[in-house]
Amino acid sequence: MMDAYTEAVVIRLGIAILLALGYWITAATGKFSFGHAAFMSIGAYTASILTVKFDWSLETSMLVSGLTAAVAGAFIGWIALRLTILYLAIITFAFAEIVKILLDSWDYAGGASGLFGMRGTTPQLLAICIGVVIVYLFFLTRSRKGLSYEAIREDEQAARACGLGVTRISVEAFAVSAAITGVAGALSAHETLIITPAQFGAPQSLLIILFVVLGGVQYFWGAIVGAVVLTMLPIWFDFLEEYYQITYGLLFVALMILRPQGIVGSGTERRFTMRALARLSPKRGKADGDG
Amino acid sequence: MLKSGRHTLAPEQPAAALVSGTPTLQVRDLRAGYGRITGIDGISLTVSAGELVALLGANGAGKSTFLRAVSGMIKPWSGSVHLRGDDVTGQRSDRLVRAGMAHVPEGRRVLPTLTVEENLRLGAFARRGDGDVDADLDGVIARFEPLRERRNQKAGTLSGGEQQMLAIGRALMARPTILLLDEPSLGLSPRLVGEVFALIRDLASEGLTILLVEQNVKQGLGCADRGYLLSTGSVVMTGSAKELLADPAVVGSYLGARGRDA
């Protein structure tokens, strides 16, 4: 048996991985949401209301919360994904704020002071969820649909010319992404045992984006690496005390310069070579010429 | 029959009417643009089954706007597009591909991080549940010599000419009833331009219906059955390719000293 501390770390790690994998699905189509914490919030509240107020089992509640988040995701995706990437960013961000404000004033769900009374979750349940998602992604990335995601991410116009229903495919990916994020939210609520609307704000959305950007968007296991690194870094860097945040920031900047494609993934342009470093120097000449 | 009325709103061409049956593509009085800027101002055009029709004009004449409006990339303001008699005006591009209109966009637009084979498979994406994709894939790869050894290579590593062939091959994977080609000679060396046009001629001789949009008037008319000359968003002249090539006005304005070299 794991001791309580290890179990807490493992569960946090698992939730981070689930969030990262969920986000990866929409990122794989090149659509970056800036309000994914809203789906987490929807999942967390749906499941918590069901387990606390209606005494449902966590497993069933978790599935219902995934479904609820998927419906919300399909709705937002349908509005935002037909527009440009900038509108998608604005709409998803605004959506997360609206969800937060609505939950703040919803007394039944505890309002701004939060909802509690959940019983815990287990690493086993989390492992099953991650397993299911990984199996899904394993087959997705080897399928026609996976190929269409990559085409849309790389060149949406070309994908349209190929006859891909870009909007339909992107909305579907967005809804599945929201569903997984909702399940992660449900499990996270049953780990923290108290949830407040403020917990699912912009910082949480940003953290989910960073998992995937840091890990790399080309392969789904990049998202896993990103989630593990970003969850473990604060623990590993504990000895740095107040210097940890600046170290963290510097590491991120260095990584984005040296590996803009993320930790995992092959660079189309830059690799970690001396030439890459030389290209960063001021006297670059026609470095960007015939690549 | 040559019609060289400088004024626009050219009526339908008698040459097309000679071929019996519904035209494969019939565009009537199409207007489109970006924002308030008019790109094309009332273009009518017909492509009959088996024909290779060239739409020619200088940069900014509205060729690409026309093709984008026909292929569902932008919504036309007014006018109509009929594909084999069905009204498809303003339909989304994925529906149009499924209906048989494949589009090779300007600048080729192959997907550089995907392999040659993956690019080709994407071309067949609209053909849901069609078992012959593998056979067609082999057929297309066999036809395009340079792609054969590069089947599993990333498309971004191909040369410009090979990418153009891949883009055409990708469109063929949709089993189109009409192929729209947007400036296939763009950015290619003269030798490769020759190769690409030889390929287009081959496809046409096999009976594929093609609408070719080209800046290179001489090459375009060289392989086309009929041509439409576009200037500032309107058709200024149409006729058979032979007639157009022989017309002094065409020779003067499009095949001048510079045009001849191109």
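Here the structure is shown first, and the text comes after it.
Because the structure is a prediction, the values reported are computed rather than measured.

Visitor: Where do I start with the nonpolar core in this structure?
Guide: Inside soluble globular proteins, nonpolar side chains tend to come together where they are buried. Within the largest apolar cluster, 80 residues are counted, with the highest numbers of intra-cluster contacts made by Leu18(A), Leu164(A), Leu187(A) and Leu122(B). Counting residues in each nonpolar core, the second largest holds 51 residues, with Ile141(B), Leu147(B), Leu172(B) and Val193(B) among its members.

Visitor: I tried to follow the interface of chain A and chain B on my own but got confused; where do I start?
Guide: You'll often see interface size given as the accessible area lost when the parts meet. Counting residues at the interface gives 18 residues for chain A, matched by 21 residues for chain B. Between chain A and chain B, a total of about 1,800 Å² is buried, with carbon and sulfur atoms accounting for 64% of that surface. A per-residue breakdown of the area chain A buries against chain B is headed by Arg144(A), Leu147(A) and Cys162(A), which together make up 31% of the total. Between chain A and chain B we count one salt bridge in total. One salt bridge connects Asp155(A) with Arg109(B), and the closest N-O pair in it is separated by 2.8 Å. At the junction of chain A with chain B, the criterion picks out two residue pairs in polar contact (both at pLDDT 80 or more). Elements represented by at least two residues in the side of chain A that touches chain B include exactly helix 6 (144-154), helix 7 (156-161) and helix 8 (166-192) of chain A. Considering each element in turn, the side of chain A that touches chain B owes the most residues, six residues, to helix 6 of chain A.

Visitor: I'm lost on the sheet that holds strand 8 (residues 209-214) of chain B in this one. Help?
Guide: The strands making up a sheet associate through hydrogen bonds between their backbones, and the pairing can be parallel or antiparallel. Residues and elements named next belong to chain B. Taken in spatial order, the six strands make up an open sheet running 6-7-8-3-9-10, and their pairing is mixed. At either end of the open sheet lies a strand with only one pairing partner, and these are strand 6 (101-104) and strand 10 (234-240). The mean angle between the axes of side-by-side strands here comes to 15°, regardless of whether they run parallel or antiparallel.

Visitor: Just to check I follow, could you spell out the packing of aromatic side chains for this structure?
Guide: Where two aromatic rings form a pair, the distance of their centres and the angle of their planes describe that pair. Residues and elements named next belong to chain A. By the definition in use, this model includes seven aromatic pairs over all chains. On the numbers, 5.5 Å between centres and 40° between planes, the contact of Phe39 with Phe95 is tilted. On the criterion of sequence distance, the pair formed by Phe39 in helix 2 (residues 37-53) and Phe95 in helix 4 (residues 85-104) is long-range, its members being 56 residues apart. Pair check on accessibility: Phe39 and Phe95 agree, each one buried. Their ring planes at 90° and their centres at 5.4 Å tell us that Phe138 and Phe139 sit as a pair that is edge-to-face.

Visitor: When you look at the environment of Ile91(A) in this model, what are you seeing that I'm missing?
Guide: As for its position among the elements, Ile91(A) is in helix 4. For the pair Ile91(A) and Ser33(A), spaced 58 residues apart in the sequence, the C-alpha separation amounts to 8.7 Å.

Visitor: Before we go on, may I ask you to explain the pairing of strand 6 of chain B in this structure?
Guide: On a regular strand, each side chain points to the face opposite its neighbour's, so the side chains alternate between the two faces of the sheet. All names here are of chain B. Judged by which residues are buried, strand 6 turns out to be covered on both faces: Met101 and His103 on one side and Ala102 and Val104 on the other are all buried. The pairing of strand 6 with strand 7 (residues 178-182) spans four bridges and is classified as parallel. Note on strand 7: the bridge partner recorded for Val104 is Leu181.

Visitor: Any chance you could explain the side chain of Ser148(A) here in plain terms?
Guide: Following the sequence through the fold, Ser148(A) ends up in helix 6. Leaving out residues up to four positions away in the same chain, Ser148(A) has contacts with Leu164(A), Ile169(A), Leu122(B) and Phe125(B).

Visitor: Would you mind showing me how to read the pattern of salt bridges here?
Guide: Opposite charge on two side chains permits them to pair, given that their charged atoms come into close proximity. A complete count under the given rule lists 22 salt bridges over all chains for this structure. In this structure, the salt-bridge partner of Lys31(A) is Glu156(A), at a minimum N-O distance of 2.5 Å. Separated by 125 residues along the polypeptide, Lys31(A) in the loop between helix 1 (4-27) and helix 2 and Glu156(A) in helix 7 bring together distant segments of the chain. Owing to a relative accessible area of 27%, Glu156(A) belongs among the partly exposed residues under this scheme. Residue Arg92(B) is joined to Asp94(B) by a salt bridge in which the shortest nitrogen-to-oxygen separation is 3.0 Å. On the accessibility criterion, Arg92(B) (37% relative accessible area) is partly exposed. When its relative accessible area of 5% is taken as the criterion, Asp94(B) is described as buried.

Visitor: Honestly, the sheet that holds strand 4 (residues 78-83) of chain B in this entry has me stumped. Any pointers?
Guide: Residue and element names in this part refer to chain B. One open sheet accounts for four strands, arranged 2-1-4-5; its pairing is antiparallel. Looking at which strands have only one partner, the edges of the open sheet turn out to be strand 2 (37-47) and strand 5 (86-87). Sheet analysis places strand 1 (residues 25-34) next to strand 2, joined by eight bridges and oriented antiparallel. When the sheet's bridge partners are listed, Ala32 is paired in strand 2 with Ile40.

Visitor: I would appreciate a short explanation of the packing of helix 6 of chain A against helix 8 of chain A in the present structure.
Guide: Any two packed helices are characterised by how steeply their axes cross, that is the angle between the axes, and by the distance between the axes. Residues and elements named next belong to chain A. At a minimum axis separation of 11 Å, helix 6 and helix 8 run at an interaxial angle of 110°. The pairing of helix 6 with helix 8 is recorded here as roughly perpendicular in orientation. Where helix 6 abuts helix 8, its residues Lys145, Ser148, Tyr149 and Ile152 lie against Val166, Ile169, Ser170, Glu172 and Ala173. Per-class residue counts for the contact of helix 6 with helix 8 are five nonpolar, two polar and two charged.

Visitor: Sorry, what's going on with helix 4 (residues 116-123) of chain B here?
Guide: The α-helix winds at 3.6 residues per turn, so residues separated by three or four positions along the chain end up facing the same way. Of all eight residues in helix 4 of chain B, six are buried; the element is thus mostly enclosed. Looking at helix 4 of chain B, one finds that the buried residues are Val116(B), Glu117(B), Asn119(B), Leu120(B), Leu122(B) and Gly123(B). Buried residues along helix 4 of chain B sit in contact with helix 6 of chain A together with helix 5 (133-143), helix 6 (145-148) and helix 7 (160-172) of chain B.

Reading the values: rules and limits
- Residues numbered from 1 in each chain as written.
- Chains lettered and ligands numbered in written order.
- Predicted model: local features only at pLDDT ≥ 70, side-chain atom pairs only at ≥ 80, totals over all residues.
- Heavy atoms only, no water.
- Core = buried A, V, L, I, M, F, W, Y, C linked by side-chain atoms within 4.5 Å.
- Buried < 20%, exposed > 50% of the residue type's maximum accessible area, 1.4 Å probe, protein only.
- Contact = heavy atoms within 4.5 Å.
- Buried area = accessible area lost by both parts, 1.4 Å probe.
- Salt bridge = Lys/Arg side-chain N within 4 Å of Asp/Glu carboxyl O.
- Polar contact = N/O pair within 3.5 Å; in protein donor to acceptor, adjacent residues only side chain to side chain.
- Helix = DSSP H or I, 4+ residues; strand = E, 2+ residues; numbered from the N terminus.
- Pairing = 2+ DSSP bridges.
- Axes fitted to C-alpha atoms, helices over the stretch in contact; angles between N-to-C directions.
- Phe/Tyr/Trp six-rings, centres within 6.5 Å; stacked < 30°, edge-to-face > 60°.
- Parallel < 35°, antiparallel > 145°, perpendicular 65-115°, else oblique.
- Nonpolar A, V, L, I, M, F, W, Y, C, P; charged D, E, K, R; others polar.

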